[in-house]
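Coordinates in review
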Amino acid sequence: MEAALDPIVRWMPPVLALGLSPLMLGIIHRTKALFGGRRGAPLFQVYYDLWKLVHKGAVYSRTTSWLFRAGPIIGLAAVLLCLFVVPMGGVPAPVAFTGDLILLVGLLGLMRFVTVLAALDTGSSFEGMGASREVQFAALAEPALLLILAGLARLTHHLSLSEIFDGLTAAHWSQLGPALALMMIALMVVVLAENCRIPVDDPATHLELTMIHEVMVLDHGGPDFAFIQYGAALKLWVLGILSVNLLLPAFPVNPWLGLLAGLGGLFGVAVLVGVVESTMARLRMLVVPQLLIGAGALAAVALIFLLK
Amino acid sequence: MSWLFAGLGCWVLGGLFSVGLSRRPRWVCWVSSVSVVTGAVLAAIPVVGVLMGGPVLQWRHGGSLPMGELALRLDALAAWFMVPLLLVSAMAAVYGAEYLKSSDRYCVGGAGFFFSLLVASMVGVILAADAVLFLIAWEIMSVSSFFLVTFEDDRESVCDAGWIYLVATHLGTGFLLAFFVLMGRETGTLDMQRWAELGVGDPRMAGVLFLLAVVGFGTKAGFMPFHIWLPEAHPAAPSHVSALMSGVMIKTGIYGLVRMMGVLGEPALWWGWTLVGVGLLSGVGGVLFALAQHDLKRLLAYSSVENVGLITMGLGFGLLGIASGNPVLGVLGFSGALAHVANHALFKGLLFLGAGSVVHATGTRFLDELGGLGKRMPWTAAVFVIGAASICGLPPLNGFLSELLLLLGAFRAVMAEPIGVVAAGILAVGSLALISGLSAATFTKAFGGIFLGEPRQPLPHPAHESAGAMRWPMGLLAAGCMAIGGMPFLMLAPLDRVLGSLSAPIEQGGISMVFEGWGQWLTLSALLLWGLAGLLAVARRGLLASKPVTEALTWDCGYARPTARMQYTASSFVQPLTDLFHPLLRARAQLERPEGLFPRRAAVATETPDLAHAELYKPVGERLVAHLGRLRWMQQGKVQVYVLYVALTMLILLLWKLH
């Protein structure tokens, strides 16, 4: 890494995330439409939706308390903070310190915690059900994510996301390809599970009984719901970019080129999610734990492969 | 040192006055809380001094104990454990004065006396520099807490819990007695200060001593499978006593273990593995059983087992780091463990006091009978949610700081050599992640079940917010959680001095070596998080200013008449997870199925008995009692026969000695 990186470049990852994360959802929708033989909604539909939502009023349930209103705010603030520590395509994050990867996991945990509490605050059994599933699947997905990060830390001898992905080179892929590929598979499962996509959750389902994330936010409306939707897009971006960084080892050519490659990779992830959602059905709820435990086991196997 | 004695004097005087005034319970409450708080403030002066880098304080009184002497020592490690002890006992005393006001039918004077005695004896345990004094203080601590646990002595369940606690703690003390006797024989002295200089020469002997210490201190700390007294005693005790026992008293076990690790000489690698293994077992087992509980205080007790497990795992990594010549791992392991000792005291004290407020207000501890208290008890709900988020290790609260240190330790172990340390690291990373996910499930369940939604059933007396004397202690503890979460240097700078005094390979400055700038980034992230949340709140207010904001029913998919009974209960909330871990939890369900064409009633009840209690201690204990029953003929109930036994025993001993 060059010592003096242009500060403008350094702040590009969060700025790009703020601006372009809703586009990822648009790309997913478009891909699904393409597979379904439809024209689909415009690429920028999510932006229109957000715009519409922030200009609406709000309806709050009489059962709810201040926690219900705090949920979307703290959740969005937490995921916004994540943007400060995530590098992109070889460009380090604005802030990098020992243990920032654990802060990232902690912030995503905080986002989930407040969302779950806000859901329970409504007293609705549907939202309780969604919250119950969310905490269950998150508890099982977290070991996989942390084991992947631990493997990368061992590989690169660093404990900060920016340094880890800066230290990850093409040589690693050529020497330890199988281990990294296993990690990649495990990470993709985590990305899909954490972002409530098929095969774990179906964001397009219309039956409350089968939802996870969508049912937890049933009672939110107006600006609150806009915060939640935007937060979800940012979370997809944050976790997606980890997988892109894993796949695209740092190349020291030009940071702008790196950013472009990262962006391309993210849109690739969005297309991939769209393809997965178009080509397979979601798993039964009872099978999802097996998938997540499987991802954790894959990550552990990958880690053992790294031990030479 | 004189400040410390003034503090001790305050507690003793307060205790004596409590007994003297036992006819006037109101006065007892008042005297007891004032004396405990005053004593804590006085004793805090030298403690803070030592933690700020002051000299070690010592005091010695020539041979006035049989086989031992009165010797006290306040070094950085002792001071570290004193801080949560003084803070939580003062808060619990203030809270307890209000809490016990409505318990006139019980012996409030005795409770005041034993509370003061418990605080004084815990201070004695931490300061004792002599093995005999240590054991005496340890025993007073166990007995006084037994009397506090059995405060409501007209309830059978409370007395049973008290007995289990008394038996368990004395079994543990038995191991400690063996430890101290062997240690004394090995070194030829009972002066704990000299043990560190003399050391234990034989590594095999050191190993035996280490295991004795793990079992003896682990019983007090609540290591699995020696934890069975915790889920019995904590629910039985008054809540402020539970807060003190769970927040501080079980940590004396950790203190003893850390102290004794310092005198056993070079640690072996297997010591570290043992502690990591025990820690992970307690951590995962504790949080799983916590998840399955319906009783709030039982849930919190199991969660203490989990947190003690995390602390033990940290100590294990500390030992692994020293034994494998990896000081960074050593620093992270020990600092994570010690930081968690203090953090857990803050948030578990807070949560037990919160649980006390709920019990006080509603008369029940059962999650499925509660609900919707958040609106009636907004203050309690606000502090409880802070405690819950802290214990789940979420930023920007103090639980995250210790979780970060512990996880970094595990990551460092994964990055280290030899392969045995790496294996421990991989296990620990996976288990820590699982534990944090499961504790998030546990505490969203607990908080959601009690405070959110609608009340699930009408309660005997309508819930009310706690009185000021109960609210302020909780508020202060919650403020502590937020302050340490936002300003980690408050904790890390003194902790660094403690580590420096702990072990030779770890020098002062270790924390700043592995953790640049005393966690300044955590301060920044906490500020940013609060700032962003504030901005978003302002933004939302602005957006909604000119828009219609209305209130309505919760959306129930078109069903217009939802009732409170339709809510998801706490039990159903965790049912998928408890089912998944059924092989470990062995929950028993009693199901009454809906029968017939027009079913009128259906019911389900589950309970999760403690696995170790049901599968290990109960069968072993019953068999033991059956075998020992054969010796019952010796008990004739005649004094003459017993005198004969004494005479015979003395004769045998005499012969043995002459031989």
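A few points on the structure. (Residues numbered from 1 in each chain as written. Chains lettered and ligands numbered in written order. Predicted model: local features only at pLDDT ≥ 70, side-chain atom pairs only at ≥ 80, totals over all residues.)

So, the overall build of chain A
What counts is decided by this rule: In this text, helices come from DSSP runs of H or I with a minimum length of four residues, and strands from runs of E with a minimum of two, each type numbered from the N-terminal end. Each radius of gyration is computed over the set of C-alpha atoms, and the globule rule expresses the reference value as 2.2 Å times the number of residues to the power 0.38. Here the C-beta atoms are placed from the backbone, and a residue counts as buried if at least 20 other C-beta atoms lie within 10 Å of its own, exposed if 12 or fewer do, and partly exposed otherwise. With C-beta atoms placed from the backbone, a contact is any residue pair whose C-beta atoms sit within 7 Å.
On a plain count of helices and strands, chain A comes out with 12 helices and 1 strand. The order of helices and strands in chain A, counted from the N terminus, is α-α-α-β-α-α-α-α-α-α-α-α-α. Radius of gyration (C-alpha) of chain A: 19 Å, near the 19 Å computed for a compact globule of 308 residues. With the C-alpha coordinates of chain A rotated into their principal frame, the extents come out at 55 × 45 × 40 Å. Residue burial in chain A is summarised as follows: out of 308 residues, 61% are buried. Contacts spanning at least 24 positions in sequence make up 80% of the contacts within chain A whose residues lie at least 6 apart.

Remarks on the interface of chain A and chain B
As a reminder, the rule being used: Note on residue classes: Ala, Val, Leu, Ile, Met, Phe, Trp, Tyr, Cys and Pro are nonpolar, Asp, Glu, Lys and Arg are charged, and everything else, Gly too, is polar. When DSSP locates at least two bridges between a pair of strands, those strands are taken to pair.
The partner chain B presents 65 residues to the 67 residues of chain A that form the contact. Broken down by secondary-structure element, the contributors of at least two residues to the side of chain A that touches chain B are strand 1 (58-61), helix 4 (66-82), helix 5 (100-121), helix 6 (125-156), helix 10 (222-247) and helix 12 (288-305) of chain A. Among the elements that line the side of chain A that touches chain B, the one with the most residues is helix 6 of chain A, at 18 residues. Broken down by class, the residue content of the side of chain A that touches chain B amounts to 41 nonpolar, 18 polar and 8 charged. As judged from the 4 bridges shared by strand 1 of chain A and strand 3 (residues 549-552) of chain B, these two strands associate in the parallel manner. Bridged to Val 59 of chain A within strand 3 of chain B is Thr 550 of chain B.

Section: the environment of Val 604 of chain B
Residues and elements named next belong to chain B. In this fold, Val 604 is placed in strand 5 (residues 603-607). Along the sequence, Val 604 and Glu 592 sit 12 residues apart, while their C-alpha atoms lie 6.0 Å from each other. What Val 604 contacts, discounting residues up to four positions off in sequence, is Ala 589, Gln 590 and Leu 591.

Some words on the environment of Glu 134 of chain A
All names here are of chain A. Checked against the element boundaries, Glu 134 lands in helix 6. C-alpha of Glu 134 to C-alpha of Gly 123: the two residues are 11 residues apart in sequence and 16 Å apart in space. Residues within four places of Glu 134 in sequence aside, it is in contact with Arg 112, Val 116, Ile 212, His 213 and Met 216.

Examining unusual backbone geometry
With an omega of 15°, the peptide bond running from Ile 198 of chain A to Pro 199 of chain A counts as cis. Relative to the elements of secondary structure, Pro 199 of chain A occurs in the loop between helix 8 (170-194) and helix 9 (213-216). Pro 225 of chain B follows Met 224 of chain B through a cis peptide bond whose omega is 0°. Following the sequence through the fold, Pro 225 of chain B ends up in the loop between helix 8 (203-221) and helix 9 (230-236).

What to know about the packing of helix 10 (residues 239-261) of chain B against helix 13 (residues 327-362) of chain B
Each pair of packed helices can be summarised by the angle the axes make with each other and by the distance between the axes. Residues and elements named next belong to chain B. Filter applied, for reference: Think of each axis as a best-fit line through the C-alpha atoms, taken over the contacting stretch in the case of a helix, with angles from 0 to 180 degrees between the N-to-C directions. For this classification, under 35 degrees means roughly parallel, over 145 means roughly antiparallel, 65 to 115 means roughly perpendicular, and everything else is oblique. In a left-handed crossing the near helix is turned counterclockwise from the far helix by less than a right angle, and in a right-handed crossing that turn is clockwise.
The contact between helix 10 and helix 13 brings their axes to 7 Å, and the two run at 160°. Taken together, helix 10 and helix 13 sit at an angle that is classed as roughly antiparallel. Classified by chirality, the crossing of helix 13 by helix 10 is right-handed. Across the interface between the two elements, Ser 239, His 240, Ser 242, Ala 243, Ser 246, Gly 247, Val 248, Lys 251 and Ile 254 of helix 10 pack against Val 341, Ala 345, Lys 348, Gly 349, Phe 352, Leu 353, Ala 355, Gly 356 and Val 359 of helix 13. In terms of residue class, the contact of helix 10 with helix 13 is made up of 9 nonpolar, 7 polar and 2 charged.

A word on the packing of helix 5 (residues 131-149) of chain B against helix 6 (residues 156-187) of chain B
Residues and elements named next belong to chain B. Two elements in contact, helix 5 and helix 6, have axes separated by 10 Å at closest approach and are oriented at 175°. When the axis of helix 5 is compared with that of helix 6, the two are roughly antiparallel. Counting all contacts with helix 5, which are made through Ala 131, Leu 135, Trp 138, Glu 139, Ser 142, Phe 146 and Val 149, the residues of helix 6 involved are Ala 161, Gly 162, Tyr 165, Leu 166, Thr 169, Thr 173, Leu 176, Leu 177, Phe 180 and Gly 184. Broken down by class, the residue content of the contact of helix 5 with helix 6 amounts to 11 nonpolar, 5 polar and 1 charged.

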